[in-house]
Amino acid sequence: MSGEATVTMPNSDYNPAVHANLSNGVGFIEGEIVPISEAKIPILDWGFLHSDATYDVVHVWNNRFFRIEDHLDRFMNSMEKLNMAIDFDRGQIREILARCVKASGLKDAYVEMICTRGVPAANSRDPRRCKNRFYAFVVPFSWVATRQDQDRGVRLHISSVQRIAPQSVDPTIKNYHWLDLVRGQYDAYAEGADLAVLSDMHGNVVEGAGFNIFAVTGKTVVTPSKGVLKGITRKTAMELSEQIGLEVHERDVPAAELLSADEVFITSTAGGIMPIKFVNEQLIGNGLAENTVRLRELYWEAHQDPVLSQPV
Ligand SMILES: Cc1ncc(COP(=O)(O)O)c(C=O)c1O
């Protein structure tokens, strides 16, 4: 991170009246805040051509960022592990995100920061010769499963698609290697389900398109320890589980364990803690997901906690 003072920061006096519909979202591209429909990236950026990028998503709920420092930690670590460096330091990134949210006027928002490898020098195939780029965007809050979906009962399918091996792509670096996750989603739709969870080569469930997974049996909560992104919502769910007297274990979770659990839930910045009612068409437990519902309440209450959330 260079973080030099020469970097141009976006104009905080951005005039929303100039651009209609900023509430659809805004992008931060080439140092400028623009309406989301005008947020475009160069076609030669390896972030696009090779998924050579890392990103993070933090949400804003009721005008407050939730666990932004955890998201910034993960983003900075991911960039470092990928040998990427940008002109903005952590404080500047935080400020850019806040300015984008303010420009959008959104009270509840999905806020994404991205670092791409960038465009290579002419005729070069050497990643070291790319200038890494920073982009960001803010759009209205979105849900892996809306509250309405959750009330109806979310259907999860255990996909036969294997998640890309952690030996190939380190899942703790948040990345755009989603072809397996999307293929899993199509499997799920074919089975009449809403969401797919993928497994590893040993038949342990790992994660789905944008979410981590948990199973609750009695007073024990389990979540996969490896082959997964260390979700910030996963972390919150583990902390809250302990708070309500549940015992949390990070370990391998065989697919069959989901089917025999009392409760199954998923976690994501895009929706928080979300109960799963059916796995492979089988009703989970008594269908009431009492612990999950309690954790979900506590999760949203935590959005008022000044330790975990800060005003934009
Ligand atoms: C593959 C994957 N796993 C898990 C998650 C959940 O992480 P978090 O709770 O930090 O949003 C995400 C979030 O997008 C993800 O992409």
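Cut-off values and rules
Residues numbered from 1 in each chain as written. Predicted model: local features only at pLDDT ≥ 70, side-chain atom pairs only at ≥ 80, totals over all residues. Heavy atoms only, no water. Helix = DSSP H or I, 4+ residues; strand = E, 2+ residues; numbered from the N terminus. Buried < 20%, exposed > 50% of the residue type's maximum accessible area, 1.4 Å probe, protein only. Contact = heavy atoms within 4.5 Å. Areas by Shrake-Rupley, 256 points an atom, 1.4 Å probe, with all protein chains shown as cover. Lys, Arg positive; Asp, Glu negative; His and termini not counted. Charge placed at Lys NZ, Arg CZ, Asp CG, Glu CD. Expected span 1.5 Å × (residues − 1). Polar contact = N/O pair within 3.5 Å; in protein donor to acceptor, adjacent residues only side chain to side chain. Near = heavy atom within 4 Å. Nonpolar A, V, L, I, M, F, W, Y, C, P; charged D, E, K, R; others polar. Axes fitted to C-alpha atoms, helices over the stretch in contact; angles between N-to-C directions. Parallel < 35°, antiparallel > 145°, perpendicular 65-115°, else oblique. Left-handed = near helix turned anticlockwise from the far one by under 90°.

Draft legend 1. Examining the overall build of the chain more closely. Each helix and strand in the chain was counted, giving eight helices and 17 strands. Projected onto the principal axes, the alpha-carbon positions of the chain cover approximately 60 × 45 × 35 Å. The 312 residues of the chain split such that 52% are buried. Taking as baseline every contact in the chain between residues at least 6 positions apart, the subset at least 24 positions apart corresponds to 69%. Summed over all atoms, the accessible surface of the chain reaches about 14,400 Å², with 51% contributed by carbon and sulfur. The averaged location of the 40 negative side-chain charges in the chain is 2 Å from the averaged location of its 31 positive side-chain charges.

Draft legend 2. Molecular detail of helix α3 (residues 90-104). Relative to the 21 Å expected for 15 residues at 1.5 Å per residue, α3 spans 21 Å between its end C-alpha atoms, a close match to the ideal helical length. Taken as a whole, α3 has its buried residues at Gln92, Ile93, Ile96, Leu97, Ala98, Cys100, Val101, Ala103 and Ser104. One side-chain oxygen at the N-terminal end of α3 lies 3.2 Å from the backbone nitrogen of Gly91; it belongs to Asp89. Of the residues one or two after α3, Gly105 is the one with positive phi, at around 75°.

Draft legend 3. Representation of the site of the ligand. Residues in close proximity to the ligand total 17 residues, the closest being Lys174, Glu207, Ile232, Thr233 and Thr269. Take Arg74: an N or O atom from its side chain is 2.9 Å from an oxygen atom of the ligand. Starting from 390 Å² of accessible surface for the ligand in isolation, the protein chains cover 94%. When residues of the shell around the ligand are traced back to their parent elements, those giving at least two are β9 (205-208), β10 (211-217), α6 (232-243) and β13 (263-268). Of the residues that constitute the shell around the ligand, the class distribution is five nonpolar, eight polar and four charged.

Draft legend 4. Fine view of α6. Helix length check: α6 (12 residues) gives 17 Å between terminal C-alpha atoms against 16 Å at 1.5 Å per residue, within 8%. For α6, the complete set of buried residues consists of Ile232, Thr233, Arg234, Thr236, Ala237, Met238, Leu240 and Ser241. Gly245 occupies a position one or two residues after α6 and carries a positive phi of about 85°.

Draft legend 5. The packing of α6 against helix α8 (residues 290-301), seen in detail. Across the interface, α6 lies against α8 with an axial gap of 10 Å and an inter-helix angle of 115°. Between α6 and α8, the angle is such that the two are roughly perpendicular. Crossing of α6 against α8: the hand is right-handed. Seen from α6, the contacting residues are Thr233, Thr236, Ala237, Leu240 and Ser241; seen from α8, they are Leu295, Leu298 and Tyr299.

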